[in-house]
Amino acid sequence: MYELFKNLGGWLTSGAQWSGPDGIAHRLAEHLQYSLLATLVAAVIGLPLGLLIGHTGRGAFLAINLASFGRALPTVGLVVLVFLAGGLSMLPVYVALVALAVPAIVTNTHAGMTAVDPDVKDAARGQGMRGHQVLLRVELPLALPLIMTGLRLALIQVVATATIAAYVSFGGLGRYVFDGLAQRDLVQVLGGAALVAAVAVALDLLLSGLQRLLFRHRTA
C-alpha cells in the first residue's frame, strides 16, 4: 500500500505528467470546459423553469419528481443511447451532463421561490407591483441563496460525472481512469480519480465560500 501511494505521488508530481496534450494541465482544462459548459446550458434551461414553477405555483409535481429522476438517471446508459442515435461526438456527453444538472437547479430554484414569505409578496403587490416585478424585485433576490446552492450542487455533480467523456473516446480527467483500466495501470486510475475528487472539492469550497461572502448580511 505504501508503495502504491508513493508511486501515485510520483505520478502526480512528475513534470512530464503535466505537459503535452496528454498532460494533467490539458486534461484538466478539457474537464472544466465540459463541466462548465454543461452546467451553463443546464442553468439556461433549469432556472427559468424553476422560477416559473415557483412564481405561479403550477407544476410543483414536476419539480419534485425531477429530483427523483436526476438521482435515478443512468448517465452512462444515456450517453450510449445518444451515441447510437447521433454518432461519435461530444453531444451524448453534453446531453447526459445537462440532464444530470437540470433537476438540481430546478428543484432548488423552486424551493427558494416557495420559501419566500407570502406576506412579503402580498405587500409588494399591495404597492402596485405587477407579477414580473414581484418576481424580479422580491422573489428572486430572496430566493437567490437557495438558487446558488442548486447551481453549486449541479456543477459538483457534473464535474464528478464528466469522466464519461472518456467513455466515448474524448478527453478530460476521465481519460486517466479509462486508459488506466485498459492498461491495468492502478496508479493512473487512482491518479485520475484523485484529480477529479480534488477538482470537485476545490470548486465546492470556492463556491460555498463565495456564497457565504455574498449573503453574509442575511445570517448576521
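Remember, it's a predicted structure, so these values are computed and weren't measured experimentally. (Residues numbered from 1 in each chain as written. Predicted model: local features only at pLDDT ≥ 70, side-chain atom pairs only at ≥ 80, totals over all residues. Heavy atoms only, no water.)

**Quick word on the nonpolar core**
For clarity, the threshold we go by: By convention a nonpolar core is built from buried Ala, Val, Leu, Ile, Met, Phe, Trp, Tyr and Cys residues, the set being connected through side-chain atoms within 4.5 Å. Only protein chains enter the accessibility calculation, which uses a 1.4 Å probe; a residue is then buried when its area is under 20% of its type maximum, exposed when over 50%, and partly exposed in between. We count a stretch as a helix when DSSP gives it H or I for four or more residues in a row; a strand needs E for two or more, and each element gets its number in order from the N terminus. What makes two residues a contact is simply this: any of their non-hydrogen atoms within 4.5 Å.
Grouped together as the largest cluster of nonpolar side chains are 22 residues, with contacts concentrated most on A38, A42, M90, V93 and L97. With ten residues, the top contributor of residues to this core is helix 5 (residues 91-114). Sequence-distant contacts of L97, that is, excluding residues within four places in its chain, are made with Y34, A38, V158, T161, A162 and I164. Among the nonpolar cores identified, the runner-up in size contains 13 residues, and W11, V159, Y176 and L203 belong to it.

**A word on the packing of helix 8 (residues 174-183) against helix 9 (residues 186-214)**
Here is the rule: A fitted line through C-alpha atoms represents every axis, and for helices the fit uses only the stretch in contact; the resulting angles, taken between N-to-C directions, go from 0 to 180 degrees. Any angle that is under 35 degrees is reported as roughly parallel, and any over 145 degrees as roughly antiparallel; angles of 65 to 115 degrees are reported as roughly perpendicular and all others as oblique. Two helices cross in a left-handed way if the nearer one is turned anticlockwise from the farther one by less than a right angle. They cross in a right-handed way if the turn is clockwise. Residues were grouped as follows: Ala, Val, Leu, Ile, Met, Phe, Trp, Tyr, Cys and Pro as nonpolar; Asp, Glu, Lys and Arg as charged; and all remaining residues, including Gly, as polar.
Running from N to C, helix 8 and helix 9 cross one another at 165°; their axes reach a closest spacing of 7 Å. Here helix 8 lies roughly antiparallel to helix 9, going by the angle between them. As for how helix 8 packs across helix 9, the hand of that crossing is left-handed. Along the contact surface, helix 8 presents Y176, V177, D179, G180, L181 and Q183, while helix 9 presents Q188, V189, G192, A193 and L195. Taken together, the residues that form the contact of helix 8 with helix 9 break down as six nonpolar, four polar and one charged.

**Describing the environment of V116**
Its location among the elements puts V116 in the loop between helix 5 and helix 6 (118-126). Taking the C-alpha atoms as reference points, V116 and E139, separated by 23 residues in sequence, lie 6.3 Å from one another.

**Digging into the pattern of salt bridges**
Cut-off, in case you're wondering: One speaks of a salt bridge when a side-chain nitrogen belonging to Lys or Arg is within 4 Å of a carboxyl oxygen belonging to Asp or Glu.
Per the stated rule, a full pass over the model turns up four salt bridges. Between R152 and D204 there is a salt bridge; the shortest N-O distance is 2.6 Å. With R152 in helix 7 (residues 131-161) and D204 in helix 9, this pair connects stretches of sequence that are 52 residues apart. Across the pair D179 and R175 runs a salt bridge, and its minimum N-O distance is 3.1 Å. Of the two residues, D179 and R175 both sit in helix 8, four residues apart, roughly one turn of that helix.

**Focus on the environment of V196**
Among the structural elements, V196 can be located in helix 9. In this structure the C-alpha to C-alpha distance between V196 and T163, which are 33 residues apart in sequence, comes to 8.1 Å. Setting aside its immediate chain neighbours within four residues, V196 contacts H31, V159, A160, T163 and L173.

**Regarding the packing of aromatic side chains**
As a reminder, the rule being used: Any Phe, Tyr or Trp ring, taking Trp's six-membered ring, that has another such ring centre within 6.5 Å forms a pair; planes under 30 degrees apart are called stacked, those over 60 apart edge-to-face, and the others tilted.
What the rule picks out here adds up to two aromatic pairs. Ring centres 5.1 Å apart and planes at 90° place the aromatic pair W11 and Y176 in the edge-to-face group. Here Y176 lies in helix 8 and W11 lies in helix 1 (residues 2-13), a separation of 165 residues in the sequence. For W11, a relative accessible area of 12% puts it in the buried group. Taking relative accessible area as the criterion, Y176 reaches 4% and is therefore assigned buried.

**Quick word on the side chain of R27**
Selection criterion: Residues adjacent in sequence count toward polar contacts only when both atoms are side-chain atoms; beyond that, a polar contact is any pair of N or O atoms within 3.5 Å, and within protein one must be able to donate a hydrogen and the other to accept it.
Take R27: it is sitting in helix 2 (residues 24-56). Residue classification places R27 among the buried positions, given a relative accessible area of 10%. There is a polar contact of 2.7 Å between the side chain of R27 and the side chain of D22. Not counting chain neighbours up to four residues away, the residues in contact with R27 comprise P21, D22, G171, G172, L173, R175 and Y176.

**Some words on the side chain of Q188**
Within the secondary structure, Q188 is located in helix 9. Residue class for Q188 comes out buried when judged on its relative accessible area of 10%.

**Observations concerning helix 2**
Our working rule: A helix is expected to reach a length of 1.5 Å times the quantity of its residues less one. Bend, at a single residue, is the angle you get between axes fitted to the 7 residues ending at that residue and the 7 residues starting at it.
For helix 2, spanning 33 residues, the distance from its first C-alpha to its last is 47 Å, which sits close to the expected 48 Å at 1.5 Å a residue. The sharpest bend along helix 2 comes to roughly 30°, located at A43. Backbone geometry just downstream of helix 2 places G57 in the positive-phi region, at approximately 80°.

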